[in-house]
Amino acid sequence: MNTSMKSKRDTLNGVLFASPWILGFLTFVAYPLLASLYYSFCSYDAISPPHFIGLENYRIMLTQDSLFWKSLWNTLYMAVFGLPVSLAAALGIAILLNQRIRGIAIYRTIYFLPSITPVVASSVLWMWLLNPQVGLINTSLKGLGMTNPPDWLSDPAWAKPALILMGLWAVGGGMVIYLASLQDVPVSLLEAASLDGAGTWAKFRHVTVPSISPVILFNLIMGLIGTFQYFTQAYVMTNGGPQDATMFYALHLFNRAFQDFEMGYASAMAWFLFVITLICAIAVFRTSARWVYYAGESS
Amino acid sequence: MTLNTAAFRGGSKRITAASIIRLLMTHLVLIAIGLLFALPFYWLVSTALKPDSQIFAMPPVWIPHPVIWSNYPKALHYIPFALYTWNTVKICMYTVVGTVISCSLAAYSLARIPWRGRNLVFATLIVSMILPGQVTMIPTFAIFKWLGWIGTILPLTAPAFMGNAFYIFLLRQFFMTIPRELSEAARIDGCGEFAVYWRIVLPLAKPALVTVGLFTFIGSWNDFLGPLLYLNDERTYTLSMGLQRFVSQHGAEWAMLMAASTVMTLPIIVIFFLAQRTFIEGVTLTGIKG
Amino acid sequence: MLDTSKSVESVAHNKSSDGLSRLKVSRRAVISLAAASLTGCRRSSRRGPIEIVYWTGWSGHELDVQRNLVAKFNRTHPHIRVVMLSQFGNSGYEKVRIAFAGGSTPDVMSTVWADELAAYAMRDVLRPLDSYLKSSHRDVTKEYMPGIARMITIGGRVFGLTVSSSTNFIAFNRAIFEECGLDPDHPPVSIEQLDSAARKCTAYDSSGNFIRYGFRPADLSMWVYPFGGSWYDEQTGTITANSPQNVSALKWMASYAQQYNMRQMQAFSTTFGSSSTPNGPFYVGKTAMESTGEWERAFVKRYAPQLKWGWFSLPYPAGGRQRATTLDGSIFVIPAACKHPDEAWEFLNWMTSHDAVKTFCWSIKNVPPLLSVSRDPLFQSDPLFRFTIPIQQGPAAFGPPPLVTWTMLKSAIGRAEDSVMLGGEDPVRVLNRLQDESVRQLRRTMEELHP
């Protein structure tokens, strides 16, 4: 067969097969990306047409909106304190569930379920559990002898930890991905390590972690993106309170856009978020060269 | 405590006292942590069965007494539950079908067809996964407004037919693992590209497709922001919107809210339990390697 | 298909120039295609009654009453069919804002909160009702209580009508008053009396935790009125967030934060984000007084039927305002994009008529905003209404200021209040900052509206 004809046909087929996504990308990613960049230089209330005001939105955002900085701080708090905890918990549970024993399917289902529970339902449920007076959590803490358990969602200092705690309950998504990757850890390597006299921790540290490090990277990146977009829980449970302790970036952005009709300003916030996400992602990728091992690269 | 699977996977079958103790310990730990995970669910279900006085009782009442079943029918009447369920199912169906078709097509293109520009498209796809939804939210809203689609389910369903970067990535990884010889053989038999995709690759990719379908279903079933933005006729509302309606300015109808939440969560539990094996297999085989 | 393409045209009539509409893509083709394939066609018969869509924000019992009224209207007006859809719940009012932004509003809605009326009216998304009122021989200044009439008139034009209203007052527990040596027949009138009653009713356990507290002042946006303050001067068009009266109101509230553990008080009182649960502090005797409204009666009936309670109007300092209240509530409006404005008006006119308002307010036990209904023996025979109707009609009844940025200002007021009450910041500094920020915001928004 003629090679150039084949390559032409391949190109045609390739583009054709990918065309739904290419179309989707142009419509729902590329255009909105540019449009929101334009809106971010406009005052735009979604009702009247946008008009250009230059860098005004960015200036107000960076110099006058105290809630902007507060929400940024709250979001970074979740990324710095919440994310590592939940990544570690997901890995721990995945290891626990990576066993061939009777009833493992039931365990897996139970551990995974919270992550697929409708967020609205689980948010409501946790408002209940976290209630300072009659909630299950504080009742248990008091039962364990704690005299002054935290007020959780009504205390600015404890509201974010409360949401992190709730996030731990729903680590199933990351857990499943770890679980899948753990099943790919080469048994031969583990056995070889055992023969060399490595203990459980040493094997975990020097065999398991390196083998699954690409997946840790994947979960880290995905978790980072998810954290920057944290919205529904705060919207349903606290609406930003108490004292703006749970006013997260995405919530503030949503309020500016759809409560105050400040779509231009919200677009500026969105672009700022995009840049931050990009910087974080690049930073993570840069450091990842030092701790992520790809199979086949070396042994 | 054993932290590793190898002992069970490759280890001997001989039963010793030590291995029994280890097995017992493992179960104990799994059960203990499992209880922590299950307890909130128990609280959800049991609160839905309590009378008002016990919901707010201090100390908490563990076992509802008497059991109030009527919260369920009450909740199902408070909002048009059947209608909301049907609306949600409808949206889920469209998004699942749309996502699976469009993503597998694009993934096939990226994994199995050598064409110029493929690498560029793949790189773009990866970068677009990092893009926060907030950046595109407002212009996307404007697009749908321009199309006159606000208030219809189209903004929630139509984009699914245009693929999703994350799922395309998953499926591409999976398609890469299917031996080339299979499609070559089919081609020699005279199959076109689409026939190879449809008859060879798709059937082999069942676990991956189930995984993507399940993720899509769950995402769509639980979606809150989408319906919040785009649906405004209560006749098209979904369950996650419906749940919000038990909460009002002057407080919430807690028992009914819990009952409705239980009913909304149930299908997810059943579907996951049934698909559990294929699902884990799917995640494993897609081999997310970053 | 007919119906779909028609709605497309009306959307095109909206001012939705997002720059996109200049593109030469056939919008109609895209929509018809998608609509046909995904939603199917909606059929509409030309000869039947004209269908208008009405959004209501009421829920539960109140929704049932609305439903009956709508059914009655449909029975008596065969040429119109009103389809009522409810938008209640936490996100209900949010949805209304999004619907305006998205240009997909119904024909009539009662889901516009009084706080938002000015913002919508000044963005030209509501239909002014003056010509309809005139043709129906109605005059809001003669029909409605003066405060309400002011509230629904923005820039000299009427943009909405109301069917119910509620009053701010303080409910107190008679038994606790007696126990603490206070006369339940002569509840506090002045701020000093309120403070002393609150002190007397507060009780601690041995470790210093509240057993009961007297009163928790909350909602600065309301409390400035008894102190003689306000948020906006309509004559001069200026925001008055840091007026001396506003400062003294916040200072008074801050004095509670200095005397009592506010956080504990708040955790005590806002169980489940709201006090209206059976263990709400007022129903279980954990607070002696609570700032509330007419709805309290229904809650007491539901959660604490045995409770003996009374009421008094918001106390005021020397030189302040007697019997002050804020006015708010749901407002009936006709969106500018309404497809059948005449029919919408006919419905709205009927819903705000004497008989409909009387039925609605009596069923849900709200204050009727129509003067003729408030004079009705039905309402005059009720002790709570005899107490609140004069407050509603009085000179110290204030609707939200007609500010395009009012909702933003109001949430900023809430944050300012929190930073004083829970964060221990200085009231003067906080209000000065609030003033600066809100003036800037107002200027910015006005520039956007009239570039």
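This one's a predicted model, so the numbers in the text were calculated from it and none came from an experiment.

Brief notes about the overall build of chain B
Scanning chain B from terminus to terminus reveals 15 helices and two strands. Of all 290 residues assigned to chain B, the portion counted as buried reaches 58%. Look at the contacts in chain B between residues 6 or more apart in sequence, and 71% of them connect residues 24 or more apart. About 12,000 Å² of surface is accessible on chain B, with carbon and sulfur atoms providing 70% of the total.

A short note on the interface of chain B and chain A
At the interface, 101 residues of chain B touch 99 residues of chain A. Where chain B packs against chain A, one counts zero salt bridges. Across the chain B-chain A interface, the total number found is eight residue pairs in polar contact (both at pLDDT 80 or more). By residue number, the principal contributor to the side of chain B that touches chain A is helix 2 (residues 17-47) of chain B, which donates 17 residues.

Observations concerning empty space enclosed by the protein
Inspection of the entire model under this criterion finds nine cavities of 30 Å³ or more. As a volume, the second largest cavity reaches approximately 80 Å³. Each residue belonging to the lining of the second largest cavity can be placed in one class, and the counts come to five nonpolar, two polar and four charged.

Brief notes about the packing of helix 10 (residues 200-228) of chain A against helix 13 (residues 263-291) of chain A
Residue and element names in this part refer to chain A. Remark: helix 10 packs on helix 13, axes separated minimally by 11 Å, with the N-to-C direction vectors making an angle of 165°. In this view, helix 10 runs roughly antiparallel relative to helix 13, as classed from their interaxial angle. As helix 10 packs across helix 13, the resulting crossing turns out to be right-handed. Only Leu 273, Ile 276, Thr 277, Cys 280, Ala 281, Val 284, Phe 285, Ser 288 and Trp 291 of helix 13 make contact with helix 10, whose side of the interface consists of Ser 213, Ile 216, Leu 217, Leu 220, Ile 221, Leu 224, Ile 225 and Phe 228. When grouped by side-chain class, the residues that make up the contact of helix 10 with helix 13 number 14 nonpolar, three polar and no charged.

Quick notes on the interface of chain C and chain A
The interface is formed by 34 residues belonging to chain C together with 32 residues belonging to chain A. Interface area, chain C with chain A, both sides summed: about 3,000 Å², of which 53% is carbon and sulfur. Inspection of the chain C/chain A interface yields one salt bridge. A salt bridge links Arg123(C) to Asp45(A), with the shortest nitrogen-to-oxygen separation between them at 3.1 Å. There are five residue pairs in polar contact (both at pLDDT 80 or more) connecting chain C and chain A. Residue composition of the side of chain C that touches chain A, grouped by class: 13 nonpolar, eight polar and 13 charged.

Quick word on the nonpolar core
Across soluble globular proteins, nonpolar side chains show a tendency to be buried alongside one another. If you look at the biggest cluster of nonpolar residues, it comprises 267 residues, and the most contacted ones within it are Phe175(B), Tyr54(C) and Leu161(C). Here this core gets 15 residues from one element, more than from any other, and that element is helix 3 (residues 66-97) of chain A. Not counting the four nearest positions on each side in its chain, Phe175(B) is found in contact with Ser104(B), Ala107(B), Tyr108(B), Ala111(B), Arg112(B), Val201(B), Leu202(B) and Ala205(B). One finds Leu194(C), Trp231(C), Leu442(C) and Leu449(C) within the second-largest nonpolar core, a separate group that totals 56 residues.

Considering helix 21 (residues 427-449) of chain C
In this model, helix 21 of chain C (23 residues) spans 32 Å end to end at C-alpha, consistent with the 33 Å of a helix rising 1.5 Å per residue. Within the sequence span of helix 21 of chain C, burial applies to Pro427(C), Val430(C), Leu431(C), Leu434(C), Gln435(C), Ser438(C), Gln441(C), Leu442(C), Arg444(C), Thr445(C), Glu448(C) and Leu449(C).

Describing the environment of Leu76(B)
Residues and elements named next belong to chain B. Mapped onto the fold, Leu 76 is located in helix 4 (residues 71-78). Leu 76 sits 187 residues away from Val 263 along the chain, and the two C-alpha atoms are 9.2 Å apart. With residues near it in sequence (within four places) discarded, Leu 76 still touches Phe 81 and Val 263.

Let's talk about a nonpolar patch on the surface
Taken together, the side chains of Trp73(A), Leu76(A), Val80(A) and Phe81(A) make up a nonpolar region of the molecular surface, amounting to roughly 400 Å² of accessible area. Tracing the chain through its elements places Phe81(A) in helix 3.

Observations concerning the sheet that holds strand 3 (residues 108-113) of chain C
Residue and element names in this part refer to chain C. Strand order in the open sheet made by the four strands is 2-1-3-14, with mixed pairing throughout. Of all the strands in the sheet, the pair left with one neighbour each is strand 2 (80-86) and strand 14 (330-333). Ignoring which end each strand starts from, the neighbouring axes of this sheet average 25° apart. Note: strand 1 (residues 50-56) against strand 2, seven bridges, orientation parallel.

Things to note about the pairing of strand 6 (residues 169-173) of chain C
Residue and element names in this part refer to chain C. Counting buried positions along strand 6 gives five out of five residues, so the element sits mostly inside the fold. On strand 6, burial covers both faces: Phe 169, Ala 171 and Asn 173 on one face and Ile 170 and Phe 172 on the other are all buried. In terms of strand pairing, strand 6 meets strand 11 (residues 289-292) through four bridges, oriented antiparallel. Considered in strand 11, the bridge of Ile 170 is made with Ser 291.

Observations regarding the packing of aromatic side chains
Overall, the coordinates contain 69 aromatic pairs over all chains when judged by the stated rule. Ring centres of Tyr77(A) and Phe81(A) lie 4.8 Å apart, and the angle between their planes is 55°; this geometry places the pair in the tilted category. Taken together, the positions of Tyr77(A) and Phe81(A), both in helix 3 and four residues apart, correspond to about one turn of that helix. On the accessibility criterion, Tyr77(A) (18% relative accessible area) is buried. Ring centres of Phe231(A) and Phe254(A) lie 5.0 Å apart, and the angle between their planes is 55°; this geometry places the pair in the tilted category. Taken together, the residues span a long stretch of sequence, with Phe231(A) in the loop between helix 10 and helix 11 (232-237) and Phe254(A) in helix 12 (residues 249-258) at a distance of 23 residues. An identical accessibility class is assigned to Phe231(A) and Phe254(A); each is buried. The positively charged end of Arg256(A) is found above the aromatic ring belonging to Tyr265(A), 4.6 Å away from the centroid. In this structure, Lys50(B) packs its charged tip against the face of Trp43(B), placed 4.0 Å from the ring centre.

A closer look at the pairing of strand 3 of chain C
Residues and elements named next belong to chain C. Within strand 3, six of the six residues are buried, which leaves the element mostly enclosed by the surrounding structure. Two strands pair when backbone bridges link them, and strand 1 and strand 3 are joined in this way by two bridges, in the parallel orientation. Residue pairing across strands places Trp 55 opposite Met 109, the latter belonging to strand 3. Judged from the three bridges that link them, strand 3 and strand 14 form a sheet pairing that is antiparallel. Looking at the pairing, Met 109 lines up with Val 333 of strand 14.

Regarding the side chain of Thr388(C)
Residue and element names in this part refer to chain C. Tracing the sequence through the fold places Thr 388 in helix 19 (residues 383-393). Its relative accessible area of 0% is what places Thr 388 among the buried residues. Here the side chain of Thr 388 touches Glu 294 through a polar contact of 3.0 Å, side chain to side chain. When residues no more than four places from it in sequence are discounted, the contact partners of Thr 388 are Thr 167, Phe 169, Glu 294 and Val 367.

Details of the pattern of salt bridges
All names here are of chain C. Tallied over the full model, the rule gives 18 salt bridges over all chains. Between Lys 410 and Asp 115 there is a salt bridge, with its nearest N and O atoms 2.9 Å apart. Placement of the pair is Lys 410 in helix 20 (residues 406-421) and Asp 115 in the loop between strand 3 and helix 5 (117-122), with a sequence separation of 295 residues. According to the relative accessible area criterion, Lys 410 is partly exposed, its value standing at 27%. Between Glu 179 and Arg 212 there is a salt bridge whose closest N-O contact spans 3.3 Å. Taken together, the residues Glu 179 in helix 9 (residues 174-179) and Arg 212 in strand 8 (residues 210-212) connect sequence positions 33 residues apart. You can call Glu 179 exposed: its relative accessible area is 59%.

Observations concerning the confidence of the model for chain B
Caution is warranted with low-pLDDT regions, since their predicted coordinates should not be read in detail. Looking at chain B as a whole, the pLDDT averages 82, with 89% of positions reaching at least 70. Low pLDDT, under 50, characterises residues 1-12 of chain B; the stretch is placed with 21 contacts to residues that sit more than four places away or in other chains.

Quick notes on the sheet that holds strand 6 of chain C
Within a sheet, each strand pairs with its neighbour through backbone hydrogen bonds, oriented either parallel or antiparallel. Residues and elements named next belong to chain C. Taken together, the three strands give an open sheet; going across it, the order is 11-6-12, and neighbouring strands pair in antiparallel fashion. Edge strands, defined here as strands with exactly one partner in the open sheet, are strand 11 and strand 12 (309-312). Between one strand axis and the next, the sheet turns through 30° on average, direction left out of account.

Quick notes on the state of the cysteines
Residues and elements named next belong to chain C. For the coordinates displayed, the defined rule picks out zero disulfides over all chains. Not engaged in a disulfide, the cysteine Cys 201 finds its nearest cysteine sulfur in Cys 180; these two sulfurs lie 4.1 Å apart. The exposure class assigned to Cys 201 is buried, which follows from its relative accessible area of 0%.

The rules behind these values
- Residues numbered from 1 in each chain as written.
- Chains lettered and ligands numbered in written order.
- Predicted model: local features only at pLDDT ≥ 70, side-chain atom pairs only at ≥ 80, totals over all residues.
- Heavy atoms only, no water.
- Helix = DSSP H or I, 4+ residues; strand = E, 2+ residues; numbered from the N terminus.
- Buried < 20%, exposed > 50% of the residue type's maximum accessible area, 1.4 Å probe, protein only.
- Contact = heavy atoms within 4.5 Å.
- Areas by Shrake-Rupley, 256 points an atom, 1.4 Å probe, with all protein chains shown as cover.
- Salt bridge = Lys/Arg side-chain N within 4 Å of Asp/Glu carboxyl O.
- Polar contact = N/O pair within 3.5 Å; in protein donor to acceptor, adjacent residues only side chain to side chain.
- 1 Å grid on protein atoms, 1.4 Å probe; cavity = no way out; pocket = protein on both sides within 12 Å on 5 of 7 lines; lining within 4 Å.
- Points joined across faces, edges and corners; volume = space filled by probe spheres on them.
- Nonpolar A, V, L, I, M, F, W, Y, C, P; charged D, E, K, R; others polar.
- Axes fitted to C-alpha atoms, helices over the stretch in contact; angles between N-to-C directions.
- Parallel < 35°, antiparallel > 145°, perpendicular 65-115°, else oblique.
- Left-handed = near helix turned anticlockwise from the far one by under 90°.
- Buried area = accessible area lost by both parts, 1.4 Å probe.
- Core = buried A, V, L, I, M, F, W, Y, C linked by side-chain atoms within 4.5 Å.
- Expected span 1.5 Å × (residues − 1).
- Patch = residues over 30% accessible without salt bridge, like charges linked within 9 Å, V, L, I, M, F, W, Y side chains within 5 Å.
- Pairing = 2+ DSSP bridges.
- Phe/Tyr/Trp six-rings, centres within 6.5 Å; stacked < 30°, edge-to-face > 60°.
- Lys NZ or Arg CZ within 6 Å of the ring centre and 35° of its normal.
- pLDDT = per-residue confidence, 0-100.
- Disulfide = S-S within 2.5 Å.

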